[in-house]
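A structural walkthrough
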Amino acid sequence: MTETPTAAATDRALLEVRDLRRSFQVRRAGGLFGRPATLHAVDGVSFDLRPGRTLGLVGESGCGKTTTARLVLGVLSPTGGRVEFEGQPVPAPGTAAWRALRRRMQMVFQDPLGALDRRISVGHQVMEPLAIHGIAAGAARRSRALELLDAVGLGASFFQRYPHELSGGQRQRIVLARALILEPSLLVCDEPISALDVSIQAQVINLLLDLQARFDLAYLFISHDLKVVRQISHEVAVMYLGRIVEQGDPDRLLVDPAHPYTQALVSAIPVAAAARRRPRLILKGDPPNPVDRPGGCAFHPRCPAATARCAIDTPRLKPLPDGRLVACHVAHGEAEGPRLAA
Ligand SMILES: Nc1ncnc2c1ncn2[C@@H]1O[C@H](COP(=O)(O)OP(=O)(O)OP(=O)(O)O)[C@@H](O)[C@H]1O
Ligand SMILES: [Mg+2]
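This text gives an overview of the structure that appears in the document.

On to the overall build of the chain. Counting secondary structure elements, the chain contains twelve helices and twelve strands. Whereas a compact globule of 342 residues would reach a radius of gyration of roughly 20 Å, the chain reaches 22 Å, a difference of no more than 12%. Its C-alpha atoms put the chain at 70 × 55 × 50 Å along the principal axes. Residues counted as buried form 39% of the 342 residues belonging to the chain. Contacts in the chain between residues at least 24 apart in sequence constitute 65% of all its contacts with a sequence separation of at least 6.

As structure tokens, then:
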């Protein structure tokens, strides 16, 4: 089983996601009497993440970001496609192989208080993963926990404190210390700063950047906040109804978005009117119900640039000349037929 690492092996993506799919059987509106339907929460998502890098995942509520995170972590089984982490397929949830792998991929969620046990002191919670995995003992565990508290900017005095005595930002630092004590190579962060005050958000972002450089961590970073995503990500993927519609360099993508959906998201970022480069787009209609995914390009009913082709032919995610990936007939100059928008 042991392989000598080769150049090719070390060049490999840490995380390889290919054509990942997850559907749920649900009932249409109508409660118990609603007709059964299939909801495609994640519908053919592919990406690579290299060690020490960040992929930002953005998109409206319900587009499949958390489902993608759960599939990556293996807490949810895919209905199609695959996830490989450190060159191995992610094993079935709950198995010994999965628990061993989970040491190397940790998660941070929006609500730090929900992730912590109010009855247990901070120090013991930070050390707990070492006990669960039978790593080190007694004094060694304690000194490792103190090192991690220091790494997240909290002094030794926090060791004896309890979660309810801390601020939201301090709690999220504890969650980070606890996640990092097992020396993971991937941190999946699902809206990790959304619940924090704006002033604290910047501190936690800086801490995440610092920890990434120090521990060579890769992040899958999910957020509604495009400005934050731009700050922290090496690459950004924009999701719409379970699929990636645009992916590439954050500066290029967020300054000059190619997909009409990304354009709408970017134009919705609050900026001073004078600094706005393009008029604000107002998206027509609500995000569609994923149970009734529109045919063709799923965005076409809300798209100001949609043509007849967009209503019938689903665009593939493929590169533009500048290298970013876009799934849009219009962006690729391949739109056909009359414009649908009034
Ligand atoms: N266990 C489940 N059973 C049925 N439907 C589900 C389940 N989990 C998720 N979904 C549906 O899948 C879609 C994607 O959900 P997901 O939680 O991944 O969205 P999200 O992008 O994380 O949204 P948000 O920004 O609100 O967190 C939604 O329509 C959701 O209702
Ligand atoms: Mg979510």
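On we go.
A separate point is the site of ligand 1. The immediate surroundings of ligand 1 are formed by 13 residues, with Phe24, Ala41, Ser61, Thr66 and Thr67 found nearest. When contributions to the shell around ligand 1 are tallied by element, the ones reaching two or more residues are β1 (15-27), β2 (36-49) and α2 (65-73). Counting residues per element, the shell around ligand 1 draws most heavily on α2, at three residues. Of the residues in the shell around ligand 1, the class split is six nonpolar, six polar and one charged.

Moving on, we get to the pairing of β1. Of the strand pairs in this sheet, β1 and β2 are connected by eleven bridges, and their pairing is antiparallel. Opposite Arg21, over in β2, you have Asp43 as the bridge partner. In this structure, β1 lies alongside strand β4 (residues 80-85), joined through five bridges in antiparallel fashion. In the strand pairing of β4, Leu15 is matched with Phe85.

Let's shift gears to helix α6 (residues 138-151). For α6, with 14 residues, the first-to-last C-alpha span of 20 Å sits near the 20 Å given by 1.5 Å per residue. Listed as buried for α6 are Arg141, Ala145, Leu148 and Leu149. Down the axis, α6 shows its buried residues gathered within 100° of arc, on one side only. Residues of α6 that are exposed and point more than 90 degrees away from the buried face comprise Ala139, Ala140 and Ser143. Tucked inside the fold, the buried residues of α6 contact α5 (122-132) and α7 (168-180). Once α6 ends, the next one or two residues include Gly153, with phi positive near 85°.

In this structure, Val188, Leu220 and Val238 are the most contacted members of the largest nonpolar core, which totals 87 residues. Residues contacting Leu220, with those up to four places away along its chain left out, are Leu49, Leu55, Leu57, Ala69, Val72, Leu186, Val188 and Cys189.

Moving on: the environment of Ala237. Among the structural elements, Ala237 can be located in strand β9 (residues 235-240). Each C-alpha atom, one on Ala237 and one on Gly59, is 8.6 Å from the other, the two residues being 178 residues apart in sequence. For Ala237, the contacting residues outside a window of four places in its chain are Phe47, Leu55, Leu57, Ile244 and Gln247.

Whenever strands of a sheet pair, they do so through backbone hydrogen bonds, lying parallel or antiparallel. What the eight strands build is an open sheet, ordered β6-β7-β8-β3-β9-β10-β12-β11; its pairing is mixed. Lying at the two open borders of the sheet, with one neighbouring strand each, are β6 (105-108) and β11 (318-319). Relative to β9, strand β3 (residues 54-58) is paired through four bridges, and the arrangement is parallel. When the bridges of β9 are listed, Val58 appears paired with Val238.

All right, on to unusual backbone geometry then. Positive phi, close to 50°, is recorded for Asp19, a residue that is not glycine. With respect to the element layout, Asp19 can be found in strand β1. Since 12 C-beta atoms lie within 10 Å of it, Asp19 is described here as exposed. Of note in the backbone geometry, Ala136 takes a positive phi value of approximately 55° without being a glycine.

At a minimum axis separation of 10 Å, α7 and helix α8 (residues 198-215) run at an interaxial angle of 15°. For the element pair α7 / α8, the angle class is roughly parallel. Here α7 and α8 pass one another in a crossing that is right-handed. Mapping the contact onto sequence places Gly168, Gly169, Gln172, Arg173, Leu176 and Leu180 in α7 and Ile200, Gln203, Val204, Leu207, Leu211 and Phe215 in α8. Here the contact of α7 with α8 is built from residues that sort into seven nonpolar, four polar and one charged.

So, how was this worked out
Residues numbered from 1 in each chain as written. Chains lettered and ligands numbered in written order. Predicted model: local features only at pLDDT ≥ 70, side-chain atom pairs only at ≥ 80, totals over all residues. Helix = DSSP H or I, 4+ residues; strand = E, 2+ residues; numbered from the N terminus. Rg over C-alpha atoms; globule rule 2.2 N^0.38 Å. Buried ≥ 20, exposed ≤ 12 C-beta atoms within 10 Å, placed from the backbone. Contact = placed C-beta atoms within 7 Å. Near = placed C-beta within 6 Å. Nonpolar A, V, L, I, M, F, W, Y, C, P; charged D, E, K, R; others polar. Pairing = 2+ DSSP bridges. Expected span 1.5 Å × (residues − 1). Arc of directions from axis to C-beta. Core = buried A, V, L, I, M, F, W, Y, C linked by C-beta atoms within 7 Å. Axes fitted to C-alpha atoms, helices over the stretch in contact; angles between N-to-C directions. Parallel < 35°, antiparallel > 145°, perpendicular 65-115°, else oblique. Left-handed = near helix turned anticlockwise from the far one by under 90°.

Coordinates in, geometry out; function isn't part of it.
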